[in-house]
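# Observations on the three-dimensional arrangement
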Amino acid sequence: MHRSRNLGGLVFIDLRDRAGMVQVSFNPDWSSAAAIADAAAVGVESVVLVEGVVELRPAEMRNAHLDTGDVEVRATSIRVVGPAVTPAIPVARGKNDALPAEDLRLRHRYLDLRRPELQANLILRHRLLQVTRQFLSERGYLELETPILTKPTPEGARDYLVPSRVHPGEFYALPQSPQIYKQLFMCCGFDRYFQIARCFRDEDLRQDRQPEFTQIDIEASFIERDDIMALSESMIAAIWLEAGHVVATPFERMSYADAMERYGCDRPDLRYGLEIHDFTAAFAPLEFGVTSTAIAAGGRVRGIRVSGGAAWSRKQVDELEALAKKAGAGGLLRVKKVDGKLDGPVAKFLTPDAETALALADGDLALFVAAGDRVSNPALDRVRQECARRLGIVDENARRFLWVTDFPMFDQDPATGALSAVHHPFTAANPDDMAAFPDAPEKWRALAYDCVLNGLELGGGSIRTSDPRVQSRMFALLGIGDEAEQERRFGFLLEGLRAGAPPHGGIAFGVDRIAMLLSRGASLRDVIAFPKTTAARALFENAPSSVPPEDLRELHLRSTAEGE
């Protein structure tokens, strides 16, 4: 029972289920006095069974805002089968009524999920997954399941560990992804695999990340990068079409190096310009200590031109500088052009040649970071996004899909020189780079690719290393050089590859993020039935929670929390 109206002898009830809403009327002309009394006594959110006749409403009483607004159920009886106490949070809301606080809604999720908006989101999610299954099945992909209790093999985040009761001191891990198992499927001859996979990552708190999530996981043998991209584009187009949107293919492509140079990040939002430019040549001859010091240390002076930004106040530009500093920059240099003249702290250092190189139009604001790329990229990326937001130049209805390719194979620690995998250690390196720079793996590019939409990563994948000798070398480059250690951590993959493995590759897409975008949800929690908070807590069932000492003893564990 969504809501009711008692007009003194006439009772109207709005009944709600996942198909929608319908009005039920109780009137002495067709309802008994007992039925009217029973209807008047029903509490909001109670579950009822109603018998009656579906009739057209009188013309003057029809509701054009309701799908069933032309009809009503003229009830002859009503029976409460699920009486409800006064709900902790309201389900029925007026147009201008604010939602209760999110923590309160998550605590009472059984009520929150009754809201038509959330029900529509989960129904859409169901439809998107069915389209995905049909799309891949029609192309010969097999939906195969991989284990949930797996071997701990960290892939960048911490594993969730599960203690074994029957094997004291030993642990399973919940999978961060099905990566190794889907590669083993390729070794087994299942040359086209997919799975709607549940994954788990014990990450530090991050806004709008969930410790458990769902991905569309795909792997195939005898396949190259362009094949996976084409398959993915067609699948994305089918998914978006199910939600009522037409997607043009093929998607744009951009190398990682180009994305970082022009946008400062590897998932650029192409709905607006504000590209980053290198102004090092203009600043190099100047006697300006900030830029001279940065250039002498091997850095560059890079920045963006903001059309109309000269009208911003000093306070507004200071706010941009605060964002740059938060992203790691030492500061944000600025110069603007007003009435044909340059103004700002940097202006007095600029020569006529430098002014020409900046190419500022009247009303422009230029913002620079003088530093190495590791510092300037994230800072300028953050500033660029905020400038676009302030200018109102982001088209919220545009869809700019993009493939980012040719990622670095490794990230090198500038202090120690140690290598870490940019994606994961099973990604194949570009064979041309391996041949050209056999002793300089930091120069290798990976056969990896990410699918990006409007600055958000939808999914990513790579061609895998299928030669066990090459895979062993990759482990060694990542600091897992001891053969015994490789066998202990990844022996089951290496054994599978040694048994004969076809060339293979794959990709995975985030279901939660796709559903959020297509439903226009405010966060991932709007498209997940029972989500966790940003603190990784499940408020509805109050998890995680403590475990009695006797249960821990059965698992051969002892808690050190609170001095136990």
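Since the structure is predicted, the reported quantities are computational estimates derived from the model, not experimental observations. (Residues numbered from 1 in each chain as written. Predicted model: local features only at pLDDT ≥ 70, side-chain atom pairs only at ≥ 80, totals over all residues. Heavy atoms only, no water.)

### Some points on helix α6 (residues 225-242)
For an α-helix, 3.6 residues make a turn, and residues three or four places apart therefore share a direction. Selection criterion: Secondary structure elements are taken from DSSP: a helix is a run of H or I of four residues or more, a strand is a run of E of two residues or more, and numbering for both begins at the N terminus. Multiplying 1.5 Å by the residue count of a helix minus one yields the expected span of that helix. The rule is simple: take the accessible area with a 1.4 Å probe, protein chains only, and divide by the maximum for that residue type; under 20% is buried, over 50% is exposed, in between is partly exposed.
Taking 1.5 Å per residue, 18 residues should reach 26 Å; α6 reaches 26 Å between its end C-alpha atoms and fits that length. Burial in α6 covers these residues: Ile 228, Met 229, Leu 231, Ser 232, Glu 233, Met 235, Ile 236, Ala 237, Ile 239 and Trp 240. Just beyond α6, the residue with positive phi is Gly 244, at close to 95 degrees.

### Remarks on the packing of helix α14 (residues 468-477) against helix α15 (residues 483-498)
Using the following cut-off: Between N-to-C directions, angles span 0 to 180 degrees; the directions come from axes that are lines fitted to C-alpha atoms, helices contributing only their stretch in contact. Working rule for angles: under 35 degrees goes down as roughly parallel, over 145 as roughly antiparallel, 65 to 115 as roughly perpendicular, anything else as oblique. Note on convention: near helix rotated counterclockwise from far helix by under a right angle means a left-handed crossing. Clockwise means right-handed. Residues count as neighbours in contact if any of their non-hydrogen atoms are within 4.5 Å of one another. Ten residues, namely Ala, Val, Leu, Ile, Met, Phe, Trp, Tyr, Cys and Pro, are considered nonpolar, four, namely Asp, Glu, Lys and Arg, are considered charged, and the remaining ones, Gly among them, are considered polar.
Running from N to C, α14 and α15 cross one another at 160 degrees; their axes reach a closest spacing of 10 Å. Judged by the angle between their axes, α14 and α15 are roughly antiparallel. Read as a crossing pair, α14 and α15 show a hand that is right-handed. Contacts between α14 and α15 involve Pro 468, Gln 471, Ser 472, Phe 475 and Ala 476 on the former and, on the latter, Gln 486, Phe 490, Leu 494, Leu 497 and Arg 498. Here the contact of α14 with α15 is composed, by residue class, of six nonpolar, three polar and one charged.

### Re the state of the cysteines
We apply this condition: Cysteine sulfur atoms are paired as a disulfide whenever they fall within 2.5 Å.
Using the criterion set out here, one finds zero disulfides in the structure. Not part of a disulfide, Cys 451 finds its nearest cysteine sulfur in Cys 265, a span of 14 Å.

### Thoughts on the pattern of salt bridges
Threshold: Within this document, salt bridges are pairs made up of a side-chain nitrogen of Lys or Arg and a carboxyl oxygen of Asp or Glu, the two lying within 4 Å of each other.
Enumeration according to the criterion identifies 43 salt bridges in this entry. Across the pair Lys 182 and Glu 219 runs a salt bridge whose closest N-O atoms are separated by 3.4 Å. One end of the pair, Lys 182, is in helix α5 (residues 179-187); the other, Glu 219, is in strand β10 (residues 212-221), with 37 residues separating them in the sequence. Comparing Lys 182 with Glu 219 shows no difference in burial state: the two are buried. Residues Glu 275 and Arg 262 are paired through a salt bridge, measuring 3.0 Å at the closest nitrogen-oxygen approach. Here Glu 275 is found in the loop between α7 (256-263) and β12 (277-278), whereas its partner Arg 262 is found in helix α7, with 13 residues between them in sequence. Residue Arg 262 is classed as partly exposed on the basis of its relative accessible area of 25%. Several salt bridges share partner residues, and in doing so they unite Arg 93, Arg 105, Arg 109, Asp 112, Arg 115 and Glu 117 into one network.

### Quick notes on the packing of helix α4 (residues 116-138) against α6
Two elements in contact, α4 and α6, have axes whose closest approach is 9 Å; the angle formed by their N-to-C orientations is 145 degrees. Seen along the crossing, α4 lies across α6 with a hand that is right-handed. Of the residues in α6, those touching α4 at Arg 127, Leu 128, Val 131, Thr 132, Phe 135 and Leu 136 are Leu 231, Ser 234, Met 235, Ala 238, Ile 239 and Glu 242. A class-by-class count of the residues in the contact of α4 with α6 yields eight nonpolar, two polar and two charged.

### Remarks on the sheet that holds strand β9 (residues 192-200)
Working definition: the strands of a sheet are paired by backbone hydrogen bonds and lie parallel or antiparallel to each other. Applicable threshold: A pair of strands is labelled paired if DSSP reports no fewer than 2 bridges between them.
Ordered in space as β6-β9-β10-β22-β21-β20-β17-β11, the eight strands form an open sheet in which the pairing is mixed. Across the chains shown, the open sheet's two edge strands, defined by having one partner strand only, are β6 (142-143) and β11 (252-255). With five bridges connecting them, strand β21 (residues 456-463) and strand β22 (residues 504-510) associate as antiparallel partners. When the bridges of β22 are listed, Gly 459 appears paired with Phe 509. Along the sheet, α7 contacts β11 and β17 (401-405); its crossing angle with β11, the most-contacted strand, is approximately 85 degrees.

### Section: the sheet that holds strand β1 (residues 3-6)
Spatially, the five strands line up as an open sheet ordered β1-β2-β3-β5-β4, and their pairing is mixed. Where the open sheet ends on each side, the last strands, each with one partner, are β1 and β4 (47-56). Put simply, the sheet's adjacent strands are angled 30 degrees from each other on average, direction ignored. Strand direction decides the pairing type here: β4 and strand β5 (residues 71-82), joined by ten bridges, are antiparallel. Residue Val 50 lies in a different strand from β5, and its bridge partner there is Ile 78. The sheet strands contacting helix α1 (residues 33-41) are β1, β2 (11-17), β3 (20-26) and β5, and the helix crosses β5 at an angle near 70 degrees.

### A short note on the packing of aromatic side chains
Definition in use: Paired rings are identified among Phe, Tyr and Trp, the last through its six-membered ring, by centres lying within 6.5 Å, and are further divided according to the angle between planes into stacked (under 30 degrees), edge-to-face (over 60) and tilted (the rest). Should the NZ of a Lys or the CZ of an Arg lie within 6 Å of a ring centre and within 35 degrees of the ring normal, that charge is described as sitting over the ring.
Throughout the structure, instances matching the rule amount to 17 aromatic pairs. Centre to centre, the rings of Tyr 256 and Phe 407 are 5.3 Å apart; their planes meet at 40 degrees, and the pair counts as tilted. Taken together, the residues span a long stretch of sequence, with Tyr 256 in helix α7 and Phe 407 in the loop between β17 and β18 (410-412) at a distance of 151 residues. Between Phe 426 and Phe 490 the ring centres are 5.7 Å apart and the planes differ by 75 degrees, which places this aromatic pair in the edge-to-face class. A residue pair is termed long-range when its members are at least 10 positions apart, and Phe 426 in the loop between β19 (419-421) and α13 (431-436) and Phe 490 in helix α15 qualify at 64 residues. One aromatic cluster in this structure is built from Trp 240, Phe 251, Phe 401, Trp 403 and Tyr 449. One cation-aromatic arrangement involves Arg 139 over Phe 135; the distance from NZ or CZ to the ring centre is 3.6 Å. When the ring centre of Trp 312 is taken as reference, the NZ or CZ atom of Arg 390 above it lies at 5.5 Å.

In short, geometric facts, not functional conclusions.
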